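Results of the structural survey
So the chains spell out like this:
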Amino acid sequence: MGSGERQAKFWGPGAKIWQETHEAYSLPVAEWVLDRVLKGHAMHVLDTGCGSGGSVELATQRGARVTGTDVAPEMLKLCKARVPAGEYHIADTESLPFEDQSFDAVLALNSLQFCESPQAALRELIRVARPGAPIGIALFGAASESDFAKVGSSVRKLFDSPPAIEGPFALSPPAKLHKLIAETGLKILESTDMTLTREFASFEDYWTSQAGTASTRYTISVLGEEPVRKAMREACLPLQDIDGRVHFSNSFHAVICRKADI
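Attention in this report is confined to the structure presented alongside it. (Residues numbered from 1 in each chain as written. Predicted model: local features only at pLDDT ≥ 70, side-chain atom pairs only at ≥ 80, totals over all residues. Heavy atoms only, no water.)

1. Remarks on the sheet that holds strand β1 (residues 44-48)
The strands that make up a sheet pair up through hydrogen bonds in the backbone, lying either parallel or antiparallel. Read from one edge of the open sheet, 7 strands run β3-β2-β1-β4-β5-β7-β6, paired in mixed fashion. The two strands at the open ends of the sheet, each matched to only one other strand, are β3 (87-90) and β6 (186-200). Along the sheet, successive strands turn relative to each other by an average axial angle of 15 degrees, direction set aside. The sheet contact formed by β1 and strand β4 (residues 105-109) spans 4 bridges and is parallel. For V45, the partnering residue across the bridge sits in β4 and is A105. (Pairing = 2+ DSSP bridges. Helix = DSSP H or I, 4+ residues; strand = E, 2+ residues; numbered from the N terminus. Axes fitted to C-alpha atoms, helices over the stretch in contact; angles between N-to-C directions.)

Written out as structure tokens, the structure reads:
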């Protein structure tokens, strides 16, 4: 079973929940990236790990022609429904099904950290980008500045040994991503940190939303639902107000880069 099949197993079943409860949250980061990579109409943009299509829709609204890839067919079905004009492929970012120098801009928004070989994924982003084309990457910032990471850490402690899937903070803090970018032959043109907040009406609301995330589905498949639920509930207690609402503050980091020799 390849990397994509392993990921699709956990992302696919929760695709609709992801779209409805998580997607919109990080779109301000996607907006920041798109403001910098889309420099004209009719650009052909590749959105790798496009998920349920939020950034595909935003790029299309700005006049871009978008090709999206994801490992989960269920995610691409949602993309196709909202942006029928897009072109979609089931594919690992580590092995993209495109010719060299095919795209005017390439995106990896909240997806690179889930690749089993981010080095291979970055090399593929470089390969399919036209000379001088911008590559936009966004993911979580430092785990120390993200409440989601604190909840996730409470679950990781339940494992006897480190879980096979490192999860959404695999390339955090930003220095880790920057080092990888430099080692892969890319030059950072611009970067930003962004803190986003969100609220869930209750822990139950938050728990239901977690069915849309691969990391939670994976941990439940290994540990069972009750210990995962209990650990998350306890981790959320300091984040709840007197009315039971759960408040999260999370750091995101985004970069615009291109091949260093351009």
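2. Things to note about the pattern of salt bridges
Scanning the entire structure with this criterion turns up 18 salt bridges. Between R245 and E199 there is a salt bridge whose closest N-O contact spans 3.7 Å. Of this pair, R245 sits in the loop between α11 (225-236) and β7 (246-259) while E199 sits in strand β6, placing them 46 residues apart in sequence. Close ionic contact of K230 with E234 constitutes a salt bridge, the shortest N to O distance being 2.8 Å. In this pair, K230 and E234 both sit in helix α11, 4 residues apart, roughly one turn of the helix. We classify K230 as exposed; its relative accessible area is 52%. In this structure E234 comes out as partly exposed when scored by relative accessible area, which is 45%. Within this structure, E199, D241, D243 and R245 form a network of salt bridges that share partners. (Salt bridge = Lys/Arg side-chain N within 4 Å of Asp/Glu carboxyl O. Buried < 20%, exposed > 50% of the residue type's maximum accessible area, 1.4 Å probe, protein only.)

3. Concerning helix α4 (residues 54-61)
Burial in α4 covers these residues: G54, S55, V56, L58 and A59. One or two steps after α4, the chain reaches G63, where phi turns positive at roughly 95 degrees.

4. A short note on the side chain of D147
Relative to the helices and strands, D147 resides in helix α7 (residues 147-156). For D147, a relative accessible area of 10% puts it in the buried group. With residues up to four places along the chain from it excluded, the contact list for D147 reads L239, H247, F248, S249 and N250. (Contact = heavy atoms within 4.5 Å.)

5. Remarks on the packing of α7 against α11
It is the contact of α7 with α11, at a shortest axis distance of 9 Å, that shows an interaxial angle of 140 degrees. Here α11 runs oblique to α7, going by the angle between their axes. α11 is crossed by α7, and the crossing has right-handed handedness. Residues K150, V151, S154 and V155 of α7 touch α11, and the partners they reach there are V228, A231, M232, A235 and C236. A class-by-class count of the residues in the contact of α7 with α11 yields 7 nonpolar, 1 polar and 1 charged. (Parallel < 35°, antiparallel > 145°, perpendicular 65-115°, else oblique. Left-handed = near helix turned anticlockwise from the far one by under 90°. Nonpolar A, V, L, I, M, F, W, Y, C, P; charged D, E, K, R; others polar.)

6. Topic: the side chain of T184
Tracing the chain through its elements places T184 in the loop between α8 (174-183) and β6. Within the structure, the side chain of T184 is placed 2.6 Å from the backbone oxygen of L180, a separation counted as a polar contact. Among residues more than four places away in sequence, those in contact with T184 are Q119, L122, R123 and I126. (Polar contact = N/O pair within 3.5 Å; in protein donor to acceptor, adjacent residues only side chain to side chain.)

7. Quick look at the nonpolar core
Nonpolar side chains tend to gather and get buried jointly when the protein is soluble and globular. One finds V33, Y206 and F248 to be the most contacted residues of the largest nonpolar core, which totals 47 residues. For this core, the element with the highest residue contribution is helix α3 (residues 27-37), accounting for 6 residues. Not counting the four nearest positions on each side in its chain, V33 is found in contact with L107, L109, G136, A138, A254 and I256. Grouped together as the second largest cluster of nonpolar side chains are 25 residues, A121, L139, L177 and L180 included. (Core = buried A, V, L, I, M, F, W, Y, C linked by side-chain atoms within 4.5 Å.)

8. What to know about the environment of C257
Tracing the backbone through its elements, the reader meets C257 in strand β7. The spatial distance from the C-alpha of C257 to the C-alpha of I188 is 4.2 Å, given a sequence separation of 69 residues. The contacts of C257, once residues within four sequence positions are left out, are A133, P134, I135, I137, L186, K187, I188 and L189.

9. With respect to unusual backbone geometry
Cis geometry is adopted by the peptide bond preceding P173, which originates at S172 and carries an omega value of 5 degrees. In this structure, Q101 takes a positive phi of about 55 degrees despite not being glycine. With respect to the helices, strands and loops of the structure, Q101 is situated in the loop between β3 and β4.

10. A closer look at the layout of surface pockets
Its boundaries defined by the atoms lining it, the second largest pocket holds a volume of some 160 Å³. Considering the residues around the second largest pocket, the lining is formed by 13 residues, among which Q113, F114, C115, E116 and E166 are closest to the centre. Considering only residue class, the lining of the second largest pocket consists of 8 nonpolar, 3 polar and 2 charged. (1 Å grid on protein atoms, 1.4 Å probe; cavity = no way out; pocket = protein on both sides within 12 Å on 5 of 7 lines; lining within 4 Å. Points joined across faces, edges and corners; volume = space filled by probe spheres on them.)

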